[in-house]
Amino acid sequence: MKRSLQVQMVLIMTLLAISLMLVVGVMLVSNVTSFYYDNFLQQMRLFFDTAETQERLNALDRADQLYGFLLEDNILQLGFNTYRNLYIYAYDEAPEAAPLLGSGDNPGLPSPNLRAALSGQTGDRAYIHYRYMDYAKPLDNYVVYIKDDKNQVRDLTWEIVMIIVEIMFLTMVIAIFLSFLLSRTITNPIERLTQGAVRVAGGDFEPIAVSSDDEIGTLTNTFNEMATTLQQTLADIEADRNKY
């Protein structure tokens, strides 16, 4: 019984620790993804939604001028890197047409945001479940399309997952150690009660030492009183028998 209770306590504490870390991990990864997406859209809007930027972009007649202005002069402000690329589309092209210029591979099938921009509306909707995030801005003659493949998010998420796994392993070790100590505080008094019951059954009515004031201590005191009463009853019966 003692070993069974200890095993159950260890399992319960371990499962609680794992469940807690999984919940924290899922929430953390979700928050990181949402933060990265919100930061991306905010960065795009702060740049493209100003009247000064709109006027400057529409004044660039050639696609290569627009491309150079965005990719070279504003690379830090727009965050272009190996994960985030710039594409220039002709405003009157079909959505399936290839971009005029691009800093990365062909983006493939047009996204909902790109389709919206080619129809004259800013494409800035967030699609969290997509493997990429994008932003599309229509101009007078061109459409600016920025696509981020979210590899940076995935790299960061993987680092977070590895940290969570390491913390989970450490938490499991601590939980097992603490649950073992906790189980001993419960099982040891119960084991003494069991041994005391065996002794009483064999005629040994020696009281069991009380080591706590909790429910188990109360149970031990009750058991001792029961053993004393039983001893006295047996003694009275034996005395009455000797009279005859």
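Scroll up to find the structure.
Quick look at the structure, then. (Residues numbered from 1 in each chain as written. Predicted model: local features only at pLDDT ≥ 70, side-chain atom pairs only at ≥ 80, totals over all residues. Heavy atoms only, no water.)

1. Description of the sheet that holds strand β1 (residues 84-90)
Part 1 of the argument: Taken in spatial order, the four strands make up an open sheet running β2-β1-β4-β3, and their pairing is antiparallel. For this open sheet the edge positions go to β2 (101-102) and β3 (133-138), each flanked by a neighbour on one side alone.
Part 2 of the argument: Packed on one face of the sheet, helix α3 (residues 63-71) meets β1, β2 and β4 (142-148) and runs near 160° to β1. (Pairing = 2+ DSSP bridges. Helix = DSSP H or I, 4+ residues; strand = E, 2+ residues; numbered from the N terminus. Contact = heavy atoms within 4.5 Å. Axes fitted to C-alpha atoms, helices over the stretch in contact; angles between N-to-C directions.)

2. Remarks on the packing of aromatic side chains
Part 1 of the argument: Considering all chains together, one arrives at seven aromatic pairs under this definition.
Part 2 of the argument: Relative to Tyr 145, the ring of Tyr 89 has its centre 6.2 Å away and its plane inclined at 75°; by these criteria the two rings are edge-to-face. Of the two residues, Tyr 89 sits in strand β1 while Tyr 145 sits in strand β4, which places them 56 residues apart along the sequence.
Part 3 of the argument: A relative accessible area of 1% places Tyr 89 in the buried class.
Part 4 of the argument: Given the relative accessible area of 2%, Tyr 145 is considered buried.
Part 5 of the argument: One aromatic cluster is present, built from ring pairs that chain together Phe 47, Phe 48 and Tyr 135.
Part 6 of the argument: Against the face of Tyr 132 rests Lys 147, its NZ or CZ located 4.5 Å from the ring centre. (Phe/Tyr/Trp six-rings, centres within 6.5 Å; stacked < 30°, edge-to-face > 60°. Buried < 20%, exposed > 50% of the residue type's maximum accessible area, 1.4 Å probe, protein only. Lys NZ or Arg CZ within 6 Å of the ring centre and 35° of its normal.)

3. Concerning α3
Helical geometry note: an α-helix holds 3.6 residues per turn, so side chains three or four residues apart project in the same direction.
Part 1 of the argument: Summarising burial for α3: seven of the nine residues are buried, a large majority.
Part 2 of the argument: Buried within α3 we find Ala 63, Leu 66, Tyr 67, Gly 68, Phe 69, Leu 70 and Leu 71.

4. Section: the pairing of β1
Part 1 of the argument: Here β1 lies mainly inside the structure; seven of its seven residues are buried.
Part 2 of the argument: Residues Arg 84, Leu 86, Ile 88 and Ala 90 point to one face of β1 and Asn 85, Tyr 87 and Tyr 89 to the other, with burial holding for every one of them.
Part 3 of the argument: Where β1 lies against β4, seven bridges are found, and the strand directions are antiparallel. Within the sheet, the bridge partner assigned to Tyr 87 lies in β4 and is Tyr 145.

5. Considerations on the nonpolar core
Part 1 of the argument: Counting 27 residues, the largest nonpolar core has Phe 48, Leu 66, Leu 70, Leu 86, Ile 88, Val 144 and Ile 146 as the members making the most contacts within it.
Part 2 of the argument: The element best represented in this core is helix α1 (residues 2-48), accounting for seven residues.
Part 3 of the argument: Those residues within four positions of Ile 88 in sequence are excluded, and the remaining contacts are Ala 63, Leu 66, Tyr 67, Leu 70, Pro 99, Leu 100, Leu 101, Tyr 142, Val 143 and Val 144.
Part 4 of the argument: One finds Tyr 87, Tyr 89, Tyr 132 and Tyr 145 within the second-largest nonpolar core, a separate group that totals nine residues. (Core = buried A, V, L, I, M, F, W, Y, C linked by side-chain atoms within 4.5 Å.)

6. Some details on the pairing of β3
Part 1 of the argument: β3 sits mainly inside the fold: six of its six residues count as buried.
Part 2 of the argument: Residues of β3 alternate between two faces, with Met 133, Tyr 135 and Lys 137 on one and Asp 134, Ala 136 and Pro 138 on the opposite face, all of them buried.
Part 3 of the argument: Across six bridges, β3 lies against β4 in antiparallel orientation. If you follow Tyr 135 over to β4, its bridge partner there is Ile 146.
Part 4 of the argument: Linking two consecutive strands that pair antiparallel, namely β3 and β4, is a turn of three residues.

7. As for the side chain of Asp 134
Part 1 of the argument: Structurally, Asp 134 is set in strand β3.
Part 2 of the argument: There is no salt bridge for the buried Asp 134, and the closest opposite charge comes from Lys 147, which lies 7.0 Å off by N-O distance.
Part 3 of the argument: Engagement of the side chain of Asp 134 in a polar contact is seen with the side chain of Ser 111, the distance being 2.4 Å.
Part 4 of the argument: Of note is the side chain of Asp 134, whose polar atom sits 2.7 Å from the side chain of Asn 113. (Lys, Arg positive; Asp, Glu negative; His and termini not counted. Salt bridge = Lys/Arg side-chain N within 4 Å of Asp/Glu carboxyl O. Polar contact = N/O pair within 3.5 Å; in protein donor to acceptor, adjacent residues only side chain to side chain.)

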